[in-house]
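Residue-level listing of the chains:
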Amino acid sequence: MTLVLAEWGMAGVEALRDRVAVLVIVDVLSFSTAVDVVVSRDAAVVPFPHGDDSAARQAAERAGAVLARPRRAAGGQFSLSPASLLEIPAGTRLMLPSPNGSRLSLAGAGTPVLAGCLRNAAAVARAALGLARGGTVGVVPAGERWPDGGLRPAIEDLLGAGAVIDALALPCSPEAQVARDAWRAAGTDLPRLIRESVSGRELIDGGFPRDVDLALEQGVSSSAPRLIEGAYRAA
């Protein structure tokens, strides 16, 4: 039976990856949005788990990729900030360290992985249906992390997952139904909800309101980024 399942974070990826035909990772602020911006410009994103700067530099050299800088230290260079990527040249391979989206993307093992956000929810849903071929689709809102490393559910990812699930138009597990119904209920209030969320306030107060604006754009992208041989490219 074709079905949509939804679970949170790394534990969600681990719970779903052997049960579904395709995984959709949703990290609206900001990994999935950044990936969509890059792939829409015919460039590619190489995910890398956030942490060891030396390991990231070495991995970028091996992959022939440009290493993105931390958002708050980028100084005009490419970073996890979607706004920094709007003019990325076609053909660029960007290694993008991220504590959530990159880490979850790499945990998909052999299951096809797509990156979904509000900008590309319909395109990603179409790609997921094509890859699933009648099988089950898993949607994973990434969430954030508390200082102790525990999962902090994030409403922007719940709503982004709900947008993808709504576009899939398939029978839902209860968890997927709640995400879909949250998306439907948000309606025109969605921008306020995300801007005033913990994640939205962190970015706006930190000087990155444009990143939130870009993440809030709905249905503007026909890109369906798929992880292929270690890099997100157009599906």
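Only a predicted model underlies this, so the values are computations on that prediction, with no experimental measurement involved.

(A) Spotlight on the overall build of the protein chain. On a plain count of helices and strands, the protein chain comes out with ten helices and eleven strands. Taken against the 2.2 N^0.38 rule, which gives 18 Å for 235 residues, the C-alpha radius of gyration of the protein chain at 16 Å falls within 12% of a compact globule. Taken along its principal axes, the extent of the C-alpha atoms in the protein chain is 45 × 35 × 35 Å. Counting only residues that meet the buried cut, the protein chain has 53% of its 235 residues in that class. Within the protein chain, counting contacts between residues at least 6 apart in sequence, those at least 24 apart form 76% of the total. About 10000 Å² of surface is accessible on the protein chain, with carbon and sulfur atoms providing 51% of the total. On the protein chain, the mean spot of the 23 positive side-chain charges and the mean spot of the 25 negative ones are 4 Å from each other.

(B) Highlighting the packing of helix 5 (residues 121-132) against helix 6 (residues 155-168). Taken N-terminus to C-terminus, the directions of helix 5 and helix 6 make an angle of 55 degrees; their axes are 8 Å apart at the nearest point. Between helix 5 and helix 6, the angle is such that the two are oblique. Like other packed secondary-structure pairs, helix 5 and helix 6 cross with a definite hand, here right-handed. For the pair helix 5 and helix 6, contact is made by Ala121, Ala122, Val124, Ala125, Ala128 and Leu129 and by Ala163, Val164, Ala167 and Leu168, respectively. Partitioned by chemical class, the residues of the contact of helix 5 with helix 6 number ten nonpolar, no polar and no charged.

(C) The arrangement of helix 10 (residues 209-216) in detail. Buried residues of helix 10: Asp211, Val212, Leu214, Ala215 and Leu216, and no others. As for helix 10, its buried residues are in contact with helix 2 (31-40), helix 8 (190-195) and helix 9 (198-205).

(D) Region of interest: the packing of aromatic side chains. Tallying each qualifying case throughout the model produces one aromatic pair. The ring of Phe208 has Arg71 lying over it, and the distance from NZ or CZ to the ring centre is 5.6 Å. Arg152 extends its terminal NZ or CZ atom over the ring of Trp146, reaching a point 5.7 Å from the ring centre.

(E) The arrangement of the nonpolar core in detail. Core analysis: the largest hydrophobic core is formed by 37 residues, its most contacted members being Val24, Leu118, Val137, Val139, Ile165, Leu168 and Leu190. Going through the elements one at a time, strand 1 (4-6), strand 2 (22-26), helix 5, strand 7 (137-141), helix 6, helix 7 (174-186), helix 8 and helix 10 are the ones with two or more residues in this core. When residues no more than four places from it in sequence are discounted, the contact partners of Ile165 are Val4, Ala6, Val139, Cys172, Ala176, Ala179 and Arg180. Listed in part, the 28 residues of the second largest apolar core include Leu5, Phe31, Val35 and Leu94.

(F) Fine view of the side chain of Ser32. Along the chain, the position of Ser32 falls in helix 2. Look at Ser32 and you get buried, because its relative accessible area is 0%.

(G) Summary view of unusual backbone geometry. The omega angle of the peptide bond from Leu29 to Ser30 is 15 degrees, so this bond is cis rather than trans. In this structure, Ala109 is a non-glycine residue whose phi angle is positive, near 55 degrees. Here Ala109 shows up in the loop between helix 4 (101-106) and strand 6 (113-116). With relative accessibility at 65%, the residue Ala109 sits in the exposed group. With phi around 50 degrees, Arg133 is a residue other than glycine that occupies positive phi space. For Arg133, the position within the fold is in the loop between helix 5 and strand 7. Using a relative accessible area of 77% as the deciding quantity, one classes Arg133 as exposed.

Procedures and definitions
- Residues numbered from 1 in each chain as written.
- Predicted model: local features only at pLDDT ≥ 70, side-chain atom pairs only at ≥ 80, totals over all residues.
- Heavy atoms only, no water.
- Helix = DSSP H or I, 4+ residues; strand = E, 2+ residues; numbered from the N terminus.
- Rg over C-alpha atoms; globule rule 2.2 N^0.38 Å.
- Buried < 20%, exposed > 50% of the residue type's maximum accessible area, 1.4 Å probe, protein only.
- Contact = heavy atoms within 4.5 Å.
- Areas by Shrake-Rupley, 256 points an atom, 1.4 Å probe, with all protein chains shown as cover.
- Lys, Arg positive; Asp, Glu negative; His and termini not counted.
- Charge placed at Lys NZ, Arg CZ, Asp CG, Glu CD.
- Axes fitted to C-alpha atoms, helices over the stretch in contact; angles between N-to-C directions.
- Parallel < 35°, antiparallel > 145°, perpendicular 65-115°, else oblique.
- Left-handed = near helix turned anticlockwise from the far one by under 90°.
- Nonpolar A, V, L, I, M, F, W, Y, C, P; charged D, E, K, R; others polar.
- Phe/Tyr/Trp six-rings, centres within 6.5 Å; stacked < 30°, edge-to-face > 60°.
- Lys NZ or Arg CZ within 6 Å of the ring centre and 35° of its normal.
- Core = buried A, V, L, I, M, F, W, Y, C linked by side-chain atoms within 4.5 Å.

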